[in-house]
Amino acid sequence: MRFGIIGAGPIASNISKKLIENGHDVKIADARGIERLEGKELAGTPVSVDEVITNIAVLVISIPFHALPSIRSIVDKVGEEVVVIDTSNYYPGRDNKIAEIENGLVESVWVSNQLGRPITKAFNNLLAYTLEYKGAPEGTSGRLAIVIAGDNQSHKQITMNVVNELGFDSVDSGALSDSWRQQPGTPAYCTELTKEELTEALKKANKEKAPFLRDKVIEKLTAATVGYSHQEIVNLNREIYNS
């Protein structure tokens, strides 16, 4: 299958690497210009942002939340048949406060509105380390899972197939409007859960409490004098997001 990826951060790079390991064709671009990719170790073929959207079946967008409106003109050129996967998460301290989201609009609905087309939400509820190192073959006991939300069932199924190839089970969390259940601050977010555990975690999500719990974790991480290990971050998320 042919993939285009906009973004070259840890999540995008790991997705690209794993896709290529599974025999897929991957092009990768930086929305700010191909020169931004110079010197980076990339598994995909570096191309311009205009070229990354040509002749592909799936487009993965993995850029900072606040930058998403800047690629609207690019996404406008993407065929309707192309599956568009968004991996982003909203953090007001980094992205500046967005009034619509602060007032309760679901993050991914805002993204879809900004891009002007339906999207599939995936890969947002796991840390880059988890994606890189914690995948496992299908059927493995304790295999971790990824949440997928969207309004197009066939696009979600394609995304689930990709997730499976990359080493994870998937949980369909429903329509894009339901994707608040996998936003930062919820029990499903970056807590490394199996399919069964993740299904239960989605049910426990509290939309009103999530922003407060999200910010509570950020405060603890930024106040730490010594960096947290990966497992310590997962444990912190589990403790606070389930409180």
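Look a little higher up for the structure.
Residues numbered from 1 in each chain as written. Predicted model: local features only at pLDDT ≥ 70, side-chain atom pairs only at ≥ 80, totals over all residues. Heavy atoms only, no water.

Asks: Help me understand the sheet that holds strand S4 (residues 58-61), please; the structure alone is not making it clear to me.
Replies: Paired through their backbone hydrogen bonds, the strands of a sheet run either parallel or antiparallel. Pairing within the open sheet is mixed, and its eight strands lie in the order S3-S2-S1-S4-S5-S6-S7-S8. Only two strands of the sheet have a single neighbouring strand rather than two, namely strand S3 (45-46) and strand S8 (169-174). Direction of pairing for S4 relative to strand S5 (residues 83-86): parallel, over a ladder of four bridges. In the strand pairing of S5, Leu59 is matched with Val84. Along the sheet, helix H1 (residues 10-21) makes contact with strand S1 (2-6), strand S2 (25-29) and S4, crossing S1 at roughly 165°. Most of the contacts of helix H9 (residues 195-204) go to S8, to which it runs at about 20°, and overall it touches strand S7 (145-150) and S8. (Pairing = 2+ DSSP bridges. Helix = DSSP H or I, 4+ residues; strand = E, 2+ residues; numbered from the N terminus. Contact = heavy atoms within 4.5 Å. Axes fitted to C-alpha atoms, helices over the stretch in contact; angles between N-to-C directions.)

Asks: Would you explain empty space enclosed by the protein in this entry?
Replies: A water-sized probe, rolled over the atoms, reveals where empty space remains. Under the criterion given, the structure shown has one cavity of 30 Å³ or more. Approximately 60 Å³ is the volume found for the largest cavity. Asn125, Leu126, Thr130, Leu144, Ala145, Phe168, Ala188, Thr191, Glu192, Leu193 and Leu198 are the residues that line the largest cavity. Tallied by class, residues from the lining of the largest cavity come to seven nonpolar, three polar and one charged. (1 Å grid on protein atoms, 1.4 Å probe; cavity = no way out; pocket = protein on both sides within 12 Å on 5 of 7 lines; lining within 4 Å. Points joined across faces, edges and corners; volume = space filled by probe spheres on them. Nonpolar A, V, L, I, M, F, W, Y, C, P; charged D, E, K, R; others polar.)

Asks: Whenever I open this one, the packing of aromatic side chains confuses me. Can you help?
Replies: The description of an aromatic ring pair uses the distance of the two centres, along with the angle that the planes make with each other. Scanning all chains against the criterion turns up four aromatic pairs. Ring centres of Phe65 and Trp110 lie 5.0 Å apart, and the angle between their planes is 15°; this geometry places the pair in the stacked category. You can see Phe65 sitting in the loop between S4 and helix H3 (72-75) and its partner Trp110 sitting in helix H6 (residues 107-115), a full 45 residues away along the chain. There is no split in this pair, since Phe65 and Trp110 are both buried. Centroid distance Tyr129 to Tyr133: 4.7 Å. Interplanar angle 45°. Geometry classified as tilted. (Phe/Tyr/Trp six-rings, centres within 6.5 Å; stacked < 30°, edge-to-face > 60°. Buried < 20%, exposed > 50% of the residue type's maximum accessible area, 1.4 Å probe, protein only.)

Asks: Would you mind going over the pattern of salt bridges with me for this structure?
Replies: When the charged atoms of two side chains with opposite charge come close together, those side chains can pair. Under the definition given, this model contains eleven salt bridges. A salt bridge links Lys121 to Asp86; the shortest N-O distance between them is 3.4 Å. Of this pair, Lys121 sits in strand S6 (residues 120-121) while Asp86 sits in strand S5; the two residues are 35 residues apart in sequence, bridging distant segments of the chain. Given the relative accessible area of 0%, Asp86 is considered buried. (Salt bridge = Lys/Arg side-chain N within 4 Å of Asp/Glu carboxyl O.)

Asks: Any chance you could explain the pairing of S7 here in plain terms?
Replies: Across a regular strand the side chains alternate sides, sitting on one face of the sheet and then on the other. For S7, the tally of buried residues reaches six of six residues, placing the bulk of the element in the interior. Alternating positions in S7 separate into two faces, Ala145, Val147 and Ala149 on one and Ile146, Ile148 and Gly150 on the other, with burial throughout. Two elements, S6 and S7, share two bridges in a ladder whose sense is antiparallel. Bridged to Thr120 within S7 is Gly150. Relative to S8, S7 is paired through five bridges, and the arrangement is parallel. Within the sheet, the bridge partner assigned to Ile148 lies in S8 and is Asp172. Crossover handedness for the path S7 to helix H8 (residues 153-165) to S8: right-handed. (Right-handed = clockwise from strand over helix to strand, strands pointing away.)

Any functional reading would require information beyond the geometric quantities listed.
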